[in-house]
Amino acid sequence: MIMPINNKSVLLTIAEIRFNSILNIPEYLPAIQDSFRMAHYPDFSHIRNQGFQLAQSGPNKSLMPTTMDIYQFSNYNKSSHFRLNSQCLTYQSSNYKDFETFLTLFLEGLFIVNKILNIQLTERVGLRFIDRLMIKKGESIQKYLAPQESSLFEKLGGNSTYTFSEVKHQIKDIHLFNRVKVFQNSPLDFPNDIEPGDMVFKERFVTYKGPSAIIDTDAFIQKRSKLTLQAMKTNFYELHDLIIVAFEASVSDIAKKVSRS
């Protein structure tokens, strides 16, 4: 197994499984909420996300407004929460320690949900790491990046607000997106599809403002599979190993040492 990312640079981690739609989830909510409360996720909230869905009537296409109900179960200090909707369970944490601990906590939440909903098939398994590289006073952010990520800033000079690069890759069944956004001067910034809500983040990430980089690595397996504990563990470790490779390809040797110090 590849050496795991240390918690020094990890801002947010997300694990996800998607399954066939379960339309009557509200009927099971009291039991699910009570089980999460007993597992030290006592805060419950109901989130309604507004969106649009493409609908077609004959030759005509139109966007129809949609609403997705999301049920969130958070721990005491709001550093971790589970989010459940009719076809997906995600676990998000801003208090990453190591991958084994993170995966264990996710699987505990999955056990709670699966015991009540009896999920038999998964459609997608995903893992996402969002790292924030920050520098000491007087240093350059380019010092912490791999040459391909820092070269554009060097060519353009110091007046750029940010640069952004994205790589899409596939190895067998694993799809990977690696996105690097480099700022000359910025407070904490999240990818556009991340809504942190009331989640609490480590103070060093919140208070820092200056040159930084957000490395967003998203790996997933889009494949129908029978839900088993061993399959979940195998899939997540495979995703984790590929995420490490992508992260290390995006940063310099100096950053690798700092992130593991």
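In what follows, the structure referred to is the one given above.
Residues numbered from 1 in each chain as written. Predicted model: local features only at pLDDT ≥ 70, side-chain atom pairs only at ≥ 80, totals over all residues. Heavy atoms only, no water.

Enquirer: A description of the nonpolar core should follow, citing residues and the corresponding values.
Expert: Residues Ile17, Phe73, Leu89, Phe106, Leu127 and Phe236 are the most contacted members of the largest nonpolar core, which totals 41 residues. Top element by residues in this core is helix H2 (residues 99–117). It accounts for nine residues. For Leu89, the residues in contact, after removing those within four places along its chain, are Ala15, Glu16, Ile17, Phe19, Phe82, Arg83, Leu84, Phe106, Gly109, Leu110 and Val113. Leu133, Tyr208, Ile215 and Phe247 belong to the second-largest nonpolar core, a separate cluster that totals 13 residues. (Core = buried A, V, L, I, M, F, W, Y, C linked by side-chain atoms within 4.5 Å. Buried < 20%, exposed > 50% of the residue type's maximum accessible area, 1.4 Å probe, protein only. Helix = DSSP H or I, 4+ residues; strand = E, 2+ residues; numbered from the N terminus. Contact = heavy atoms within 4.5 Å.)

Enquirer: Give a description of the pairing of strand E6 (residues 121–134) that names residues and reports values.
Expert: Taking burial as the measure, the 14 residues of E6 include eleven buried ones, the bulk of the element. Summarising the sheet, strand E1 (residues 10–19) and E6 pair through nine bridges and their orientation is antiparallel. Following the sheet pairing, Thr13 is matched in E6 by Phe129. Bridge count for E6 against strand E9 (residues 210–226) is 13 bridges, and the pairing is antiparallel. Note that in E9 the partner of Val125 across the bridge is Ile221. (Pairing = 2+ DSSP bridges.)

Enquirer: Break down the pattern of salt bridges for me, citing the residues and quoting the values.
Expert: Overall, the coordinates contain 14 salt bridges when judged by the stated rule. In this structure, Arg18 engages Glu16 in a salt bridge whose closest nitrogen and oxygen atoms are separated by 3.2 Å. Taking relative accessible area as the criterion, Glu16 reaches 13% and is therefore assigned buried. For Asp216, the salt bridge is made with Arg179, and the minimal N-O distance between the two is 3.6 Å. Highlighted residues: Asp216 in strand E9 and Arg179 in strand E8 (residues 174–186), separated in sequence by 37 residues. By the burial criterion, Asp216 is buried, and Arg179 matches it. Taken together, the shared-partner salt bridges connect Arg128, Glu166, Arg179, Asp193 and Asp216 into one network. (Salt bridge = Lys/Arg side-chain N within 4 Å of Asp/Glu carboxyl O.)

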